[in-house]
Amino acid sequence: MEELFSKETLEYQLRTREIAQKYIKPVALELDLDQTYPWEIVKRLQDAGLMGVWIPKEYGGHGRGVMDLCVVVEELSRACGGLGVGFAVNALGSFPIILGGTEEQKQKYLPDVAAGKKLVAFGLSEKVAGSDAGSLICRACKEGNDYVLNGEKKWNTNGNAASIYTIYASTDPNKGGRGISAFIVEKGTYGFSVPKLEDKLGIRAIGVAELLFENCRIPENQLLGGTEGRGFMNAMMTLDRARPGVAAQAVGLAQGALDLTLEFVTNSNLNNATVSSSQGIQFMLSDMATQVEAARRLTYTAAQAIDANAKGVSKLAAMSKLFASDTAMRVTSMAVEIFGELGILRDTGIEKYFRDAKITQIYEGTNQVQRLVIGRTLLKEAASKA
Ligand code: CAA
């Protein structure tokens, strides 16, 4: 596949691979244990100019789109799934501004994200509204020239590290999803706090937090796009562009687990015969490699379709996330099995891939939500042909 990459994509891949293998892989287990935010690595990604890969050139980015974002996320996740998603959520948090922000908002916020000076997080989910995002209850009331936010957000990846947050809140509960608006909230705004950081199974290198808004007053020019009621559609369009990033994280995790398994089987013994000479093991390795390659191709296809402004990207984005995350779970599980009892030991590093992979089936829309998106589109397409 790399032969089909543009010169620039290949260059991003190699630049990221170097950082990931040299600086992330050696400390991945430590980061997993400590759960201290990896600012040193973020600094390396900033210095390498990787933070603004997907941001348009006119706002200080590289204008490279979703394909190159995926290539970077894949390489990071191959070394550490936490770092992969910690990077990818900056795209998830900035896509709403790229897609729906006013010119003033784009000029104000995107250059700092592109330069890596500020991280940006995405606040849609709540305790009572996860898969059914349209039922969120966080409230934004207009008071004079301000909006006052009240409510909480759950599962906010990078919530403890971001400086900018895109937050979805209802400006008109009577209108359901059509009453949802998006806002840009800055860290340090009075009434905005991050009261809880989760202790997690995987992606432990980065934080997942709860956000709290208590009479948090923000100026009206932080209403995304300057128009109320466009939040739900903005969130859906954002997720269409971000889901291949989760797919890329899953591909990276699966590839990382396969790399480590190949290293293991070519260096160890089982009952005096090398593990790699066992046909059973070879069958497993073949299935793993085939599934990783299929997931990678589907992910790149979805990313390229988005970058080409193709129609119907929701279906492809959902398919890539569904297939790649299920692949990551299967492949990392097989990897742990090949390691045998050693597979469950932290020191071998293989169980971390398995733990990191699980969340890819859940966040940015559970795989049941992806099936819903795919199924609805299939039926619509069939109806339009009938
Ligand atoms: N693009 C543009 N518009 C869209 C759209 C899309 N992809 N999908 C839906 N819409 C529009 C519809 O056209 C409709 O518009 P009108 O009101 O004008 O008719 C409106 O949005 C409502 O659409 P639906 O009736 O399809 O909405 P729904 O309530 O049935 O929602 C759902 C369906 C797909 C399940 C949606 O709620 C969903 O995607 N849920 C999952 C949410 C999610 O992925 N959350 C992840 C949070 S982020 C995260 O996890 C990050 C992290 O930690 C890393």
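Residues numbered from 1 in each chain as written. Predicted model: local features only at pLDDT ≥ 70, side-chain atom pairs only at ≥ 80, totals over all residues. Heavy atoms only, no water.

Undergrad: Lay out the domain arrangement of the protein in plain terms, naming residues and giving numbers.
TA: Segmenting the protein into domains produces domain 1 (2-114), domain 2 (120-230) and domain 3 (233-385). Relative to domain 3, the C-alpha centre of domain 2 lies at a distance of 30 Å. The interface of domain 2 with domain 3 comprises eleven residues on the first partner and 14 residues on the second. Taken together, the two surfaces of domain 2 and domain 3 that pack against each other cover about 960 Å², and 66% of this comes from carbon and sulfur. Across the contact surface, domain 2 and domain 3 share zero salt bridges. (Domains from an automatic or database assignment. Contact = heavy atoms within 4.5 Å. Buried area = accessible area lost by both parts, 1.4 Å probe. Salt bridge = Lys/Arg side-chain N within 4 Å of Asp/Glu carboxyl O.)

Undergrad: Go over the site of the ligand, please, and point to the residues and values.
TA: The ligand sits among 25 residues. The nearest are S131, T157, R178, D240 and R376. A distance of 2.7 Å is found between an oxygen atom of the ligand and a side-chain nitrogen or oxygen belonging to T157. Here the ligand, which alone exposes 1100 Å², has 71% of that area covered by the protein. A per-element tally of the shell around the ligand places helix α7 (residues 231-265) first, with seven residues. Residues belonging to the shell around the ligand are distributed by class as follows: 14 nonpolar, six polar and five charged. Of the residues that make up the shell around the ligand, three or more belong to each of domain 2 (120-230) and domain 3 (233-385). (Near = heavy atom within 4 Å. Polar contact = N/O pair within 3.5 Å; in protein donor to acceptor, adjacent residues only side chain to side chain. Areas by Shrake-Rupley, 256 points an atom, 1.4 Å probe, with all protein chains shown as cover. Helix = DSSP H or I, 4+ residues; strand = E, 2+ residues; numbered from the N terminus. Nonpolar A, V, L, I, M, F, W, Y, C, P; charged D, E, K, R; others polar.)

Undergrad: Which residues make up a nonpolar patch on the surface, and what values go with them?
TA: A cluster of nonpolar residues, L99, M233 and M237, forms a patch on the protein surface that exposes about 270 Å² of accessible area. Mapped onto the elements of the fold, M237 is located in helix α7. (Patch = residues over 30% accessible without salt bridge, like charges linked within 9 Å, V, L, I, M, F, W, Y side chains within 5 Å.)

Undergrad: Any details on the side chain of N90? Residues and values, ideally.
TA: With respect to the helices and strands, the residue N90 is situated in helix α5 (residues 81-100). Residue classification places N90 among the buried positions, given a relative accessible area of 1%. (Buried < 20%, exposed > 50% of the residue type's maximum accessible area, 1.4 Å probe, protein only.)

Undergrad: Please give an account of the packing of helix α9 (residues 313-339) against helix α10 (residues 350-358) that cites residues and values.
TA: Where α9 contacts α10, the axes come no closer than 9 Å and their chain directions differ by 160 degrees. Comparing the axis directions of α9 and α10 gives the class roughly antiparallel. For the crossing formed where α9 meets α10, the hand is left-handed. Counting all contacts with α9, which are made through A328, M329, T332, S333, A335, V336 and F339, the residues of α10 involved are I350, E351, Y353, F354, A357 and K358. (Axes fitted to C-alpha atoms, helices over the stretch in contact; angles between N-to-C directions. Parallel < 35°, antiparallel > 145°, perpendicular 65-115°, else oblique. Left-handed = near helix turned anticlockwise from the far one by under 90°.)

Undergrad: Describe the nonpolar core, listing the residues and the values that go with them.
TA: Within the largest apolar cluster, 88 residues are counted, with the highest numbers of intra-cluster contacts made by W54, F87 and L149. Considering each element in turn, this core owes the most residues, ten residues, to α5. (Core = buried A, V, L, I, M, F, W, Y, C linked by side-chain atoms within 4.5 Å.)

Undergrad: Go over the pattern of salt bridges, please, and point to the residues and values.
TA: Tallied over the entire structure, the rule returns 30 salt bridges. A salt bridge links R15 to E11, with the shortest nitrogen-to-oxygen separation between them at 2.7 Å. Residue R15 and its partner E11 are both found in helix α1 (residues 7-24); the two are separated by four residues, about one turn of the helix. When its relative accessible area of 26% is taken as the criterion, R15 is described as partly exposed. Take E11: its relative accessible area is 37%, and that puts it in the partly exposed class. One salt-bridge network, in which partners are shared between bridges, spans D32, D199, R204, R346, E351 and R355.

Undergrad: Explain the packing of aromatic side chains to me, and be specific about the residues and the numbers.
TA: Applying the stated criterion across every chain, the model contains eight aromatic pairs. Three or more aromatic residues joined by ring pairs form one cluster here, namely Y165, F192 and F213. Above the plane of the ring of Y23 lies R44, whose end atom (NZ or CZ) is 3.6 Å from the centre. K154 extends its terminal NZ or CZ atom over the ring of W155, reaching a point 4.8 Å from the ring centre. (Phe/Tyr/Trp six-rings, centres within 6.5 Å; stacked < 30°, edge-to-face > 60°. Lys NZ or Arg CZ within 6 Å of the ring centre and 35° of its normal.)

Undergrad: A description of helix α3 (residues 39-47) should follow, citing residues and the corresponding values.
TA: Along α3, the residues classified as buried are I41, V42 and L45. The arc that holds every buried residue of α3, seen down its axis, measures 105 degrees, which confines them to one face. Facing away from the buried side of α3, by more than 90 degrees, are the exposed residues E40 and D47. In this fold, the buried residues of α3 make contact with α1, α2 (28-34), α4 (65-79) and α5. (Arc of directions from axis to C-beta.)

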